[in-house]
Structure formats: structure tokens, C-alpha cells
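Listed below, chain by chain, are the residues.
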Amino acid sequence: KGFVFEKTPYLNGGFVFFVNQDNPVDSLTVKQLHDIYAGKITNWKEVGGADTEIVPYQRPNNSGSQTGMYHYVIPEDEIMEAPIEMKIADMGGIIDAVASYENSEGAIGYSYYYYVMSMHYTDQIKLLEIDGIAPSDETIADGTYPLINPSYAIISAATPKDSVVRDILAWLVSEEGQETAREAGYVPRLQK
């Protein structure tokens, strides 16, 4: 219909996987994650860990984390059906389940970096490297971490150059705007 959007990236997020802090596995590939959640890899010894059954927690289909799982790791029609006790409704619950005593040795879960690090942090879990790259402010900001979910400011391309909307957009990507995002716990996207 002739309407054109202008898209400006200003934050990066990361889709992360975590295990109990005592799990010896530090890194998995996207393919290994796919196979764990497809039910093809069922024991940590298959990916360099202890001889322990993998307990792969999931989120409900209507959650953002589950949508991320389908987008980054495994299509919905390939993921194994999780028993009801392994499908955690709230974002904090999946972190608590992996960190807790029960099933924690073999547990794995997923969420978004911001949530895990800023809203529900616990030292009872550790974030896994994905394809050999650890999720961190630096690797998420520069896009080297493989599971990045950028945030965009989207405006009409016809927005006048002297519009307050463009002033806000300019502030979002400015040093001050990016520092404000960092102070709020987000990961600014390195501007290229």
C-alpha cells in the first residue's frame, strides 16, 4: 500500500541455555540442543558430561521463551512432548527448577539473557556456551554470540527529519541512550 517502515536496531538480546552450576558441561552446539529437545540425545555423557539423564525443561507454547526456542533451535513440529511437570509456566520457575535440588544434576532450561541476568539471577545455574561462545554483555552486544534477538525502533520512513520522533530515535542510539539501556540491565547493540 506504499507505506514504508524505517527500522533502527538499538539493543541486542540473547537466547540462552543454562544448567545447574555443578553440571560439568560448559558448551553445546545448536545441533546438540536441537537433538536434546528432539529426544535424540538423552544422557549428558553423549555430549561430554556425566552419565546422567538429561532433564530438558520447556515453557508453554504461549510464552516468549518457547517462541524463541522454535525460532533459534528446533521447529515446533520436531520438539518432543514434555511431561507436564517439565513444562514450566513462569520464566522464573524454569530457572528455579534447574537450580533446585530435585532433578538439578541433569536439568537444562532456556530463557532470555536479560531475564536470567537482571530479573531472576541465581548463582546455582551457569549459562552454557553455544557453539563455543559464551553469552556475555560483550558477545551479545557485538553479535558474536550465535543466538541474538535484536530490538528495533520502527518508524514511518516518511517521518520528517525535524520530528521529535527522530530526536527520540537519535537519542536511543546515542552514547547517552545506550548507557541508559545498559544501566537498566539491557545490552546495547554496538553501532556499526
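Here, the structure is the one placed above.
Calculation rules
Residues numbered from 1 in each chain as written. Predicted model: local features only at pLDDT ≥ 70, side-chain atom pairs only at ≥ 80, totals over all residues. Heavy atoms only, no water. 1 Å grid on protein atoms, 1.4 Å probe; cavity = no way out; pocket = protein on both sides within 12 Å on 5 of 7 lines; lining within 4 Å. Points joined across faces, edges and corners; volume = space filled by probe spheres on them. Helix = DSSP H or I, 4+ residues; strand = E, 2+ residues; numbered from the N terminus. Nonpolar A, V, L, I, M, F, W, Y, C, P; charged D, E, K, R; others polar. Salt bridge = Lys/Arg side-chain N within 4 Å of Asp/Glu carboxyl O. Buried < 20%, exposed > 50% of the residue type's maximum accessible area, 1.4 Å probe, protein only. Pairing = 2+ DSSP bridges.

K.L.:
Even after reading the chapter, I still don't get the layout of surface pockets, so can you show me in this structure?
P.N.:
Unfilled space is identified by rolling a water-sized probe across the atoms. Quantified by volume, the largest pocket comes out at close to 180 Å³. Examining the composition of the lining of the largest pocket, we find that 4 residues originate from one element, helix H7 (residues 175–183), more than from any other. The class makeup of the residues in the lining of the largest pocket is 5 nonpolar, 2 polar and 6 charged. Computed from the structure, the second largest pocket encloses a volume of approximately 150 Å³. If you list the elements that add at least two residues to the lining of the second largest pocket, you get strand S1 (5–20), helix H4 (113–119) and strand S7 (148–156). In terms of residue count, S1 provides more of the lining of the second largest pocket than any other element does, 4 residues in total. Residue composition of the lining of the second largest pocket, grouped by class: 6 nonpolar, 6 polar and no charged.

K.L.:
I'm lost on the pattern of salt bridges in this one. Help?
P.N.:
A side chain of one charge can pair with a side chain of the opposite charge if their charged atoms are brought near each other. Summed over the entire model, instances satisfying the criterion amount to 5 salt bridges. A salt bridge links Arg166 to Glu6; its shortest N-O distance comes to 2.8 Å. Residue Arg166 is found in helix H6 (residues 164–173), and its partner Glu6 is found in strand S1; the two are separated by 160 residues along the sequence. Residue class for Arg166 comes out buried when judged on its relative accessible area of 12%. Overall, Glu6 belongs to the partly exposed group, its relative accessible area being 23%. Salt-bridge contacts for Asp26 lead to Lys126; the nearest nitrogen and oxygen are separated by 2.5 Å. Here Asp26, found in the loop between S1 and strand S2 (27–28), pairs with Lys126, found in strand S5 (residues 125–127); they are 100 residues apart in sequence, far enough to count as distant.

K.L.:
Looking at this model, I keep getting lost on the pairing of strand S4 (residues 107–112). Mind explaining?
P.N.:
Each regular strand carries side chains that alternate between the two faces of the sheet. Among the 6 residues of S4, 5 are classified as buried, and the element is accordingly described as predominantly covered. Across 5 bridges, the pairing between S1 and S4 is antiparallel. Paired with Val19 across the two strands is Ile108, which belongs to S4. Here strand S3 (residues 55–56) runs beside S4; their pairing, made up of 2 bridges, is parallel. When the bridges of S4 are listed, Pro56 appears paired with Ile108.

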